[in-house]
Amino acid sequence: MDFLFIDARDPIFGLIILVLSVVVVVIFSYFWGVFSRKSKDASIDKFLAKFSQDDSKIIESLSSLDSPELAVIATGFAKLGDWQKAANFYEKAIKKAGHDEKMLLLGDLGLAYIKTGLLKNAKDCLEELLGAKPRDEKALFHLLFVYEKLKDKAGIKSCLDALFALGCCDDDLRAYIGASELLSAPLSTGDKITALKTLPQTALVKRYICELKSKNYEKPSADELPPLQMCADLFDLDTLSEFWSEFFTDEQSGCENLKFSIKLAKLAKENNLGAKLEFKYTCTACKNELPLFFARCPKCLKIASVKLDATLRQDESFSQQKGDM
Ligand SMILES: [Zn+2]
């Protein structure tokens, strides 16, 4: 072991060995920490997953835990997507919590109520939180969602005013709220289009205008068109090529996959091959994928976060037609 001492033989060699030993210990400690944390998280998830299947008696037995421990369990259930049990444990945690901890948990409970469809409970919960912390941006966005669902116009306005005062009310949000109200109003398609044009002309509002015009068998004008990745599903291949001829020559469009799929579909059509475009809609915020267009992500509740993409698929109706001939 003498070689480990700096003064034994070559002092530089001893120093290098010492430094290497320290580095090995630090690296080992780091990976052990990561591993043990992961295995702890995994065991909590497994534990909760088992509870998800079992009888509620066992869940009731956890009620004796302290507020922070109950909150950890509630968050675990929320991560598993079991919002009913998450809400149940947040309620238990709040009953035992002090004032500051309660304020932190009310936001989580409000979201759990939204996810379970208990909108009145969510409203009470978020309003209580905002009474104490009126600048809580996340709670304001969640309460705005609740007011929208409850069709509470005064509530929507108060939330928008508060978000505007915080500098968080952008064109996307104002356009989304305005358009939602207009689209559900008892107006003719033409009047809805006229009213939509008074809103900030965001990609979402332009998409709505295109949707309404296609119902009326009208073509949108060039300045009414949103970016292609917001509306490619609304038009046939010829119209897409006509409207977006510039897009197909622009190498910087940022939608290479979409552009490639549309080009392939057009080639397939020209050569009478049975193929069609299949669209999917992804939330750029949480990566949630849906088969239908959404203005607000149903998972993370973000507005204007949708991105459209397409893949080429075999058109089965085309093969059947060919077989019939
Ligand atoms: Zn999302």
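Residues numbered from 1 in each chain as written. Predicted model: local features only at pLDDT ≥ 70, side-chain atom pairs only at ≥ 80, totals over all residues.

## Some details on the overall build of the protein chain
Stated precisely, the cut-off is as follows: The way it works is that DSSP assigns letters per residue, a run of H or I at least four long becomes a helix, a run of E at least two long becomes a strand, and they are numbered from the N terminus. Residues with at least 20 neighbouring C-beta atoms inside 10 Å of their own are called buried, those with 12 or fewer are called exposed, and the rest are partly exposed, where every C-beta is derived from the backbone. By definition, residue pairs are in contact when their C-beta atoms, positioned from the backbone, come within 7 Å.
For the protein chain, the count of helices and strands is 15 helices and three strands. Split into buried and exposed, the 325 residues of the protein chain put 26% on the buried side. In the protein chain, once contacts between residues fewer than 6 apart in sequence are set aside, the share between residues at least 24 apart is 46%.

## Here's the deal with unusual backbone geometry
The phi dihedral of Tyr 217 is positive, around 55°, even though this residue is not glycine. Note that Tyr 217 resides in the loop between helix H11 (203-215) and helix H12 (237-243). Residue Tyr 217 is classed as exposed on the basis of its C-beta count, with 6 C-beta atoms lying within 10 Å. Phi at Leu 301 is positive, roughly 70°, even though this residue is not glycine. The topology assignment puts Leu 301 in the loop between strand S2 (289-290) and strand S3 (306-314). Judged by local crowding, Leu 301 falls into the partly exposed class, with 19 C-beta atoms found within 10 Å.

## Considering the packing of helix H10 (residues 189-196) against H11
Here is the rule: Every axis corresponds to a line fitted to the C-alpha atoms, with the helix fit spanning only the stretch in contact, and the corresponding angles, defined between N-to-C directions, vary from 0 to 180 degrees. Orientation is classified from the angle alone, with under 35 degrees giving roughly parallel, over 145 giving roughly antiparallel, 65 to 115 giving roughly perpendicular, and any other angle giving oblique. Should the near helix be turned anticlockwise from the far one by less than a right angle, the crossing is termed left-handed; should it be turned clockwise, right-handed. Residues are grouped as follows: nonpolar covers Ala, Val, Leu, Ile, Met, Phe, Trp, Tyr, Cys and Pro; charged covers Asp, Glu, Lys and Arg; every other residue, Gly included, is treated as polar.
Running from N to C, H10 and H11 point in directions that differ by 160°, and their axes come no closer than 10 Å. The angle between H10 and H11 falls in the class roughly antiparallel. Between H10 and H11 lies a crossing whose hand is left-handed. Contacts from Thr 189, Lys 192, Ile 193 and Leu 196 of H10 reach H11 at Val 205, Tyr 208, Ile 209, Leu 212, Lys 213 and Lys 215. Grouping the constituent residues of the contact of H10 with H11 by class yields six nonpolar, one polar and three charged.

## Here's the deal with the sheet that holds S3
The condition that has to hold: The pairing criterion for strands is at least two bridges between them, as found by DSSP.
Reading across the sheet, the three strands line up as S2-S1-S3 and stay open at both edges, with antiparallel pairing between neighbours. Taken across any chain shown, the strands that pair with only one partner, and hence form the sheet edges, are S2 and S3. Where strand S1 (residues 275-283) and S3 come together, nine bridges link them in antiparallel fashion. Bridge pairing in S3 places Lys 280 opposite Asp 309. Along the sheet, helix H14 (residues 256-270) contacts S1 and S3; its crossing angle with S3, the most-contacted strand, is approximately 30°.

## Observations concerning the confidence of the model for the protein chain
Using the following cut-off: Each residue carries a pLDDT score, the predictor's confidence in it, ranging from 0 to 100.
Across the protein chain, the average pLDDT comes to 83, with 76% of residues at or above 70. Put simply, helix H1 (residues 11-53) is where the protein chain has its lowest mean pLDDT, 59, and helix H6 (residues 119-132) is where it has its highest, 97. With pLDDT under 50 throughout, residues 1-8 is counted as low confidence; its partners more than four residues away or in other chains account for 13 contacts.

## With respect to the environment of Phe 279
Take Phe 279: it is sitting in strand S1. Owing to 16 C-beta atoms within 10 Å, Phe 279 belongs among the partly exposed residues under this scheme. Once you skip the residues sitting within four places of it in the chain, Phe 279 turns out to touch Asp 233, Leu 308 and Ala 310.

## Digging into H11
Quick reminder of the rule: By this rule, a helix spans an expected 1.5 Å times one less than how many residues it contains.
Given a rise of 1.5 Å per residue, 13 residues ought to cover 18 Å, and the 19 Å separating the end C-alpha atoms of H11 matches this to within 8%. Of all the positions in H11, only Leu 204, Val 205, Lys 206, Arg 207, Tyr 208, Ile 209 and Cys 210 are classed as buried. Downstream of H11 by one or two residues, Tyr 217 has phi in the positive range, about 55°.

## Here we look at the pairing of S1
Every regular strand shows the same layout, with side chains that alternate between the two sheet faces. Inspection of the sheet shows S1 paired to S2 by two bridges, in the antiparallel sense. Bridge pairing in S2 links Tyr 281 to Leu 290. Here S1 hands over to S2 after five residues, with Lys 287 in that stretch at a positive phi of 70°.

## A short note on helix H3 (residues 67-80)
Owing to its 3.6 residues per turn, the α-helix aligns residues three or four sequence positions apart on the same side. Here H3 is 14 residues long and its end C-alpha atoms lie 20 Å apart, about the 20 Å a rise of 1.5 Å per residue gives. Buried within H3 we find Leu 70, Ala 71, Ile 73, Ala 74, Gly 76 and Phe 77.

## Examining the nonpolar core
For the record, the criterion: Working definition: the nonpolar core is a set of buried Ala, Val, Leu, Ile, Met, Phe, Trp, Tyr and Cys residues, joined through C-beta atoms within 7 Å. Note that the domain bounds reflect an automated or database-derived domain assignment.
Core analysis: the largest hydrophobic core is formed by 65 residues, its most contacted members being Ala 74, Tyr 90, Ala 93, Leu 109 and Leu 143. No fewer than three residues from each of domain 1 (6-133) and domain 2 (227-325) sit in this core. Excluding anything up to four places from it in sequence, Leu 143 contacts Lys 123, Leu 126, Glu 127, Leu 130 and Cys 159.

## A look at the environment of Lys 95
If you trace the backbone, Lys 95 turns up in helix H4 (residues 83-96). The exposed category is assigned to Lys 95, around which 11 C-beta atoms lie within 10 Å.

## Concerning the packing of helix H5 (residues 99-115) against helix H7 (residues 137-149)
H7 packs onto H5 with a crossing angle of 25° between their chain directions and a minimal axis gap of 10 Å. Between H5 and H7, the angle falls in the class roughly parallel. Taken as a pair, H5 and H7 cross one another with a handedness that is left-handed. In this structure, H5 contributes Gly 107, Gly 110, Leu 111 and Ile 114 to the contact, and H7 contributes Lys 138, Ala 139, His 142, Phe 145 and Val 146. Looking at the contact of H5 with H7 residue by residue, the class counts come to five nonpolar, three polar and one charged.

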